[in-house]
Amino acid sequence: MTDIPSRSFGSEAKWFCREDKTEKFVDRLPPVAKDHVTNLLRLADRGFRHGRVEATSKTRKAYWEKWRRHCQLIRLDNRLQGVSFEEKCNSAVSFAAAIRYGWYTRGGTVRAGTVSQALSAVNTTIALDINEQPFKVQGSKDFLPLISQTLAGWAREDPPTEKKMPVEADIPEFLAELGLEKGATELTKAVGDLSLMAFYFLLRVGEYTIKGRRNESKQTVQFRIKDVTFFKKDHRGILRMLPRNASEEEILSADAVTLKLENQKNGWKGVCVSHHSNGEEYNNPTKAVGRRYIHIKKITTDPNTFLSAYFEEDGLRRDVKDSDIRAGLKAAAEALDYVGTRGIPVDKIDTHCLRIGGANALSLNGYSKEQIQKMGRWRGDTFLEYIRESLADFSEGMSKSMSKLFGFVSLEAGVYTDITQATVEVSTT
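What counts, and at which threshold
Residues numbered from 1 in each chain as written. Predicted model: local features only at pLDDT ≥ 70, side-chain atom pairs only at ≥ 80, totals over all residues. Heavy atoms only, no water. Phe/Tyr/Trp six-rings, centres within 6.5 Å; stacked < 30°, edge-to-face > 60°. Lys NZ or Arg CZ within 6 Å of the ring centre and 35° of its normal. Helix = DSSP H or I, 4+ residues; strand = E, 2+ residues; numbered from the N terminus. Expected span 1.5 Å × (residues − 1). Buried < 20%, exposed > 50% of the residue type's maximum accessible area, 1.4 Å probe, protein only. Salt bridge = Lys/Arg side-chain N within 4 Å of Asp/Glu carboxyl O. Core = buried A, V, L, I, M, F, W, Y, C linked by side-chain atoms within 4.5 Å. Contact = heavy atoms within 4.5 Å. Axes fitted to C-alpha atoms, helices over the stretch in contact; angles between N-to-C directions. Parallel < 35°, antiparallel > 145°, perpendicular 65-115°, else oblique. Left-handed = near helix turned anticlockwise from the far one by under 90°.

Peer 1: Which parts of the structure should I look at to understand the packing of aromatic side chains?
Peer 2: For any pair of aromatic rings, the description consists of the separation of the ring centres together with the inter-plane angle of the planes. For the structure on display, the rule yields 5 aromatic pairs. Measuring from centroid to centroid gives 5.3 Å for Phe199 and Tyr200, while their planes differ by 90°, and the two rings are edge-to-face. Of the aromatic side chains, those joined through ring pairs into one cluster are Trp67, Phe95 and Phe135. The ring of Phe143 has Lys136 sitting right over it, with the charged end atom 5.1 Å from the ring centre. One Lys or Arg, Arg291, reaches over the ring of Tyr282 and ends 3.8 Å from the middle of that ring.

Peer 1: Just to check I follow, could you spell out helix 4 (residues 85-100) for this structure?
Peer 2: Every α-helix carries 3.6 residues per turn, so stepping three or four residues along brings you back to the same face. In this model helix 4 runs 22 Å from its N-terminal to its C-terminal C-alpha over 16 residues, within 8% of the 22 Å that 1.5 Å per residue would give. Looking at helix 4, one finds that the buried residues are Lys88, Cys89, Ser91, Ala92, Val93, Phe95, Ala96, Ala98, Ile99 and Arg100.

Peer 1: Please clarify how the pattern of salt bridges should be interpreted in this entry.
Peer 2: Where charged atoms from two side chains of opposite charge come close, those side chains can pair. Evaluation of the coordinates by the stated rule reveals 15 salt bridges. For Arg68, the salt bridge identified is with Glu65, shortest N-O distance 2.5 Å. Residue Arg68 and its partner Glu65 are located together in helix 3 (residues 54-74), separated by 3 residues, close to a single helical turn. Since its relative accessible area comes to 35%, Glu65 is described here as partly exposed. The partner of Asp170 in a salt bridge is Arg342, and the shortest N-O contact between them spans 2.8 Å. Linking Asp170 in helix 7 (residues 170-178) with Arg342 in helix 12 (residues 338-342), this pair joins segments that are 172 residues apart in sequence. Residue Asp170 is classed as partly exposed on the basis of its relative accessible area of 23%.

Peer 1: Would you mind going over the nonpolar core with me for this structure?
Peer 2: Soluble globular proteins: nonpolar side chains tend toward being buried together. Ranked by internal contacts, the top residues of the largest apolar core, which has 56 residues, are Met197, Phe201, Phe230 and Leu259. Broken down by element, this core gets its largest block of residues, 9 residues, from helix 8 (residues 186-201). Here Met197 is in contact with Leu202, Leu203, Leu259, Ala288, Val289, Arg292 and Leu307, once residues within four sequence places are set aside. With 29 residues, the next largest nonpolar core counts Tyr63, Val93, Ala96 and Trp154 among its residues.

Peer 1: Would you mind showing me how to read the packing of helix 13 (residues 352-364) against helix 14 (residues 369-376) here?
Peer 2: The description of two helices packed together rests on the angle between their axes and the distance between the axes. Packing of helix 13 against helix 14 brings their axes to within 10 Å, and their N-to-C directions diverge by 150°. Compared by their axis directions, helix 13 and helix 14 come out roughly antiparallel. Crossing of helix 13 over helix 14 shows right-handed handedness. Residues Arg355, Ala359, Leu362 and Ser363 of helix 13 form the contact with helix 14, whose own contacting residues are Ile372, Met375 and Gly376.

Shown next as structure tokens:
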């Protein structure tokens, strides 16, 4: 009988459900139905595997291995079958403590969020195997009370999260202008153009670069040549799409550009983000995309080529990595003295600062939260964390406005104080 890969992490070639139960389910069927159902299960498993992000699956597998070792230590079945409620709770919190304090790793103490992730990974693995969630309240997404309180206590002990700080347009502009210098490499030019794009389009780093390793493990599909569309205004001022064979001059003079994301981190597919030209001769988002597009099209016509690709004089293709962008940003922050002029240490500068900086730039220029949310393709209001109220511009003028006296009267006063007698006395005098 054909095997279907397992959803569990116990072995390589198993059915996507428990092997013994799946075999019983299929073997009871007549031969014709058996083959048909086997194919259906294979199709279902393909959908299941497509529903997983490889990086998440690898993390879950790593935590499952640690859990398996822990269960050997405490002499319990690793799926917690046939154990009491008290044993489930104790096994969970003892495993949580082992993760928290690095018993199964070479690292030190980890944050409560990491412990929660480990418990969720084990809980999900068991649920996929036997349809039971031993660490969760029945019918709920919440952890059992003992686990929740333990995690809450550790969360209070954790130091505050050190968030990255925003950068302004001067950082990507500095990097882009390095590409104008004599002898600038194609990597330098690519880093500059991609940094401009990331700032203006509020891009996540995985959308325009490759990772140093395991690039296939992420859900995001990077921008490719075929995802780029340029627009030019006609004599009536209406934007018209430029053809795919548009000249370099037409592309570099485009009035707008659209980038389409086939898939992204939050699961939204086919999302488009657009920008109009800002009128700048060089530090311009449409021209930055145009320069990348032209450089790549000179070498290859493959529409699936990433915008992160660049070709040095040897003709070999390379791709800009996230580490290239990170190094460039830190060097630019040093050169522009962000510590002295902005109060932002260089160690607070990272690839995410371009996305944060773009969101802050829009907010400081009066764009609404809804506009910023749409530009950054955020599903919820998590983007509000990126709008830094600690920046001086956010509080400018607030104290002056607050000092103004309005002489207001509370319309609810009568609810708390009986003013009838006072009112009568005033009216009779």
